[in-house]
Each structure stands twice: as C-alpha cells, then as structure tokens.
Amino acid sequence: MGWLDWLFGGGNAKKDAAAPRVASPPPISRPPYFAIIDVETTGLSPKKDRVLELAVVRVDQGGNVVDEWSTRFNPEGPVGATHIHGITQADVANAPLFRDVAASVVPYIAGLPIAAHNARFDLAFLRAEFRRAGWDLPWLPAYCTLDGSHHYMPDLDRRRLVDCCWSARIPLNDAHSALGDARATAGLLRHYLQAQGRARPHPALLSVQNDARGVVWPAGPSRAPLAFLPDEPAPARSRPIRVTNAKPKQPALITQLSKLSLVEVLDEGAPVGSLTYVETLLDALEDGVVSEDEAAALQDLVEVYELSDADVADAHQALVLALAHKALDDGHVSRDERTELESIASSLRLSGELVPKLIAEADAARATRLSAKLGPLPADWALGEPLRVGDKVVFTGFDGRERERARLERRTQELGVRLLGTVSGLTAMLVSDGSFAGGKLARAQELGTRIVDPETYAILLKHLQPAKAAAPKPKRAARATTTAVAGSTPVTVQTTTSPGAIRAWGIENGYTVGVRGRLSTELVQAYELALLDAQKEPAGP
C-alpha cells in the first residue's frame, strides 16, 4: 500500500531497529484468521524497486490482533524517496537482506488468507522479493480492503487507507511505516468483519478463507538467489543517491488533483478495475508531469492490475475530462488551465486534439446541468430574445456602481453565462449603464451587438433559459487582408503577438481554432481589432 497513501497521513516516526521485531500480546487460544501485510518500498515498480520494510499483523475471526511481526531490509541499493517513507540509507545499512529472512516470513502467512490495502501492489512486491530469494511461491489468496471499501463504504470519494480509516473512525498512527499501516488495515478489516451482522457480507471476504486452506507452501528456496529479476534491468550502481527536495509551487488546476474524486473519474468512463491505477497516477501527476521513472512504474502497475491498452486509454481520458469539468466550475477555462490540461494530456500520451474536444464536452455537460431546472419564460415576456446558459456577455461602464457590477458579474458566472472581456461577433450582449463610451461600446455598435442596461440584464438573468442545442456553424466568408479602424485609412494586419497567444484568445472568444497549422486571417484580424479596442478603453470600466 505505502506509496498510494503517502499524500495524507501522520508523520514519519524514526524506527531505530533494523532486525525483525515481534510485538505479541500474552498467549491466547484464538487462532489467527487473517494475515494483514504492508510494505514500504523504494519505488512503484515491483520489477525494479525493492521492499524496504515488511509488517505482518495477524488477527482472529473477529478481527482482533493475535500477534505482529515486522522488519526492515537492506535493498542492496538506494532507498528511494525518504521524504515519503522516512527511511534513510543509514537506517538500512545493517539491516538483513530479504533472502536471509524469507524463511522467517513464511510461518506468519502460510495457511492464512492475506489481506492488504491495495493488495495487488503489496503482493506483487512480496512475490518479487521471494522470487529474487530463490523461492517459487504458489498462488496466494488475498482480500483487498481497498476493493472491499466499495462494498462497505460505497459513498467515499477517494479510497486511500487514510480515507477509509477516517470513514470507519480507525486511528492511523505512524502512517507510512509498514507496521503502522498494517495495524490500520487490520482495524479496517475488523470493521468489515464486524459489519457482517449489519450489512450483506462481501462475497470475496467469505471465499478467501476457504481458498487459502488448499495452498501448499514450499519448504524453502528451490534455486540460488538472483541479483535482479531476469526481466528487469540491472540497477545503475553509478547513479548518486539523491534526496528529493520540497515540491515546487504547483499551478492552480494541478492542485485540484488531490481533491478530485475517483467517483468523478469513474463517471467519466474509467473502467472500475483501473481505479487503483488512477489513484497512483493522481499521486504521480501532482508535480504536473509524469517522469520517465514514474511512467515505467505505472506501466508495471498496468501489468499488476492486468489492464488492457483500452482500459488505460479510457482511464487517462476520463481523468483529463474530470479535470476539464473542474476547470469549468467557474464557467470559463483560462489560458493557464488549458495549458495545464494540455500538459497532463501530453504526459498521458493523449492526442493533442483531445483537450479542445474534452473542454467542449465538459462545457456542454455543464450547460446541460445548469439548464436542467430552469423554468419557462413568463406569459407576458416582452424583452425579446432571452439570455441563455452559455451565452457570452461583456460588461462596460458602471462608473460609481462598481459593487453592482461585481454582483452581476459574479451571478452571471454562477448561472453558466460566459463573461468575456472583449466584444466579438459571438457576443450575445453588452451590459452598459451608459456612463462610459469606450471601445467596447463602439465595437458593439459596429457589430450590431445587443446593448442592455443593468436593470434589463438583471431581469434577463432572473429568467435565464436553457442553452440552445448545438448546431453546425456555417463557414463565414473570408474577410479582406486589411481592416479599417474608424476614422483611419485601412491598415494591413501585421501582429507581433505569438500564434499561441492569438490561438488562446480565439478559443476564449468562441472562434473555431485548430491546434496546429497557420492561423486564419480572420482570427488574426479579430485579435488585432480587440487589441486596438483594449488600448483605446481605459482599464476598469
């Protein structure tokens, strides 16, 4: 479990004993019923990373602790991210090798079903270590408390050990240590076992006990230990050990990854079996990119969870779409948010054309959601075309009425109307009290844009109507390569603005913009006109 749960939890208490340790209560007659395991590792990949610490907590049929066992191991290489697991190179310098302790592990788990939070992860590492030690393990029946949380805690947004323990009111002490997490998982399993009288038993929890009885463990290793697994690269001994510094300041949208609900990702089309992979991916993406090492580890997890290429692609797309919905919560995807989405999509090897498509889908879904409960227009409606969800409006003026403007703008965004800063051919209306006659007003008059006073706009907003069904846009006739500014002779458009900035402006203002290729003359001219308007009009109104 270790790496999935590092983001939230308790501190990393130092463990000063490298040798195996046993903490058992007084002798009791209750036989062990489950062996709960947890590992702390040097990384995410069972193929190339190693187990640093292993804990086994055995419980009886009621989930009460029978005994405990834990130890650290020398990983024969770098310890990895000390800032996550709290284990330094010095802590394991004199610790035993796994192959020297393997025979001591077996009596604690042989003949018992194993339980763990994200069991596939822990078992993949345990199996890899036994394989390196020369042991051929049988199939090990196991119960995953993370999977079980869907049955016993169906309403949770995220399902890390800390989330499940919080829901079940189970203390999580000494988090990120193998023994601390194994104890917490044992508490979670006890919560499940004791819920059997109140809730329908989870079939997997009932069947795993019988499955474990038929497993025959080997008496010892069958071959010489391996320096590394045959299908993993040899460790690069020449690389210096690095201590990971504090993470850099993160962009606004990336910070929402920790708040993103797995239910949201599932709703957007992620396969149910991929949710643990998505949980790991969320942690890896917290710095905005997936590094080569993280990508390799995630690929290993794909194999551990037996995900197909289609499963992974669907999971990645669902994650980006869920983030697009987050970005649209305020009614508008900013340039920075779009850049972040494109960066994440690129890290996940999704098509560069996907982000505009997903933003459009998220925008349409938001419009549908906001339109759902809107009532019809009054029978005596006399204000002409109503304001609709998704319409684009621009404000100007309000000299001395700034608080009123701020209130109307805030309400505009809350209801799903797009608030823009410049007037274009796609602007539904300009809201003006007539206190300022600047470039926005002149541009609206030039284009024939509807102009309404604040009082009328408030009524339109009160009787907001559902968004219109999307219709194919007819191709607009190409405009000349020169444009005229009122009161001047025609000038040729010669912008020095970067194509990326113009493309972002065009997207913000409703133009159809391709992600590649040359910008259309029409788009460049529209941008130049908006720039001229902005230069004429003082900032503020």
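Structure: see above.
Residues numbered from 1 in each chain as written. Predicted model: local features only at pLDDT ≥ 70, side-chain atom pairs only at ≥ 80, totals over all residues. Heavy atoms only, no water.

1. Topic: the overall build of the protein chain
Secondary structure summary: the protein chain contains 18 helices and 12 strands in total. The buried share of the protein chain, taken over its 541 residues, is 49%. Excluding contacts between residues fewer than 6 apart, the proportion of contacts in the protein chain whose partners are at least 24 apart in sequence is 74%. For the protein chain, the exposed area adds up to about 26100 Å²; of that, 53% sits on carbon and sulfur atoms. (Helix = DSSP H or I, 4+ residues; strand = E, 2+ residues; numbered from the N terminus. Buried < 20%, exposed > 50% of the residue type's maximum accessible area, 1.4 Å probe, protein only. Contact = heavy atoms within 4.5 Å. Areas by Shrake-Rupley, 256 points an atom, 1.4 Å probe, with all protein chains shown as cover.)

2. A closer look at the pairing of strand β7 (residues 392–396)
One face of the sheet, then the other: side chains in a regular strand alternate in exactly this way. Buried residues dominate β7, accounting for 5 of its 5 residues. Relative to strand β8 (residues 418–420), β7 runs parallel, the two being bridged by 3 bridges. Paired with lysine 392 across the bridge in β8 is arginine 418. The parallel pair β7 and β8 is bridged by helix α14 (residues 402–414), and the resulting crossover is right-handed. Pairing between β7 and strand β9 (residues 429–432): 4 bridges, direction parallel. (Pairing = 2+ DSSP bridges. Right-handed = clockwise from strand over helix to strand, strands pointing away.)

3. Comments concerning the packing of α14 against helix α16 (residues 454–462)
In contact at an axis separation of 11 Å, α14 and α16 are set at 25 degrees when each is read in the N-to-C sense. In terms of orientation, α14 and α16 fall into the roughly parallel class. The two elements α14 and α16 cross, and the hand of that crossing is left-handed. Along its contact with α14, which presents Glu404, Leu408, Arg411 and Thr412, the element α16 presents Pro454, Glu455, Tyr457, Ala458 and Leu461. Across the contact of α14 with α16, the residue classes tally to 5 nonpolar, 1 polar and 3 charged. (Axes fitted to C-alpha atoms, helices over the stretch in contact; angles between N-to-C directions. Parallel < 35°, antiparallel > 145°, perpendicular 65-115°, else oblique. Left-handed = near helix turned anticlockwise from the far one by under 90°. Nonpolar A, V, L, I, M, F, W, Y, C, P; charged D, E, K, R; others polar.)

4. What about helix α10 (residues 292–304)?
Helix length check: α10, at 13 residues, gives a terminal C-alpha distance of 19 Å against a target of 18 Å (1.5 Å per residue), a fit within 8%. Along α10, the residues classified as buried are Ala297, Leu298, Asp300, Leu301, Val302 and Val304. Looking at the packing, one finds that the buried side of α10 touches α3 (119–132), α9 (275–284) and α11 (309–327). With its phi angle positive at about 55 degrees, glutamate 306 sits one or two positions after the end of α10. (Expected span 1.5 Å × (residues − 1).)

5. Overview of the side chain of arginine 160
Note that arginine 160 resides in the loop between α4 (145–152) and α5 (161–168). Within the structure, arginine 160 has its side chain in polar contact with the side chain of aspartate 163 (distance 2.8 Å). (Polar contact = N/O pair within 3.5 Å; in protein donor to acceptor, adjacent residues only side chain to side chain.)

6. Section: the nonpolar core
Ile37, Leu54, Phe130 and Tyr277 are the most contacted members of the largest nonpolar core, which totals 72 residues. Apart from residues no more than four positions distant in its own chain, tyrosine 277 is found in contact with Leu298, Leu301, Val302, Tyr305, Leu307, Val312 and His316. Within the second largest apolar cluster, 30 residues are counted, among which are Val59, Tyr143, Leu193 and Leu205. (Core = buried A, V, L, I, M, F, W, Y, C linked by side-chain atoms within 4.5 Å.)

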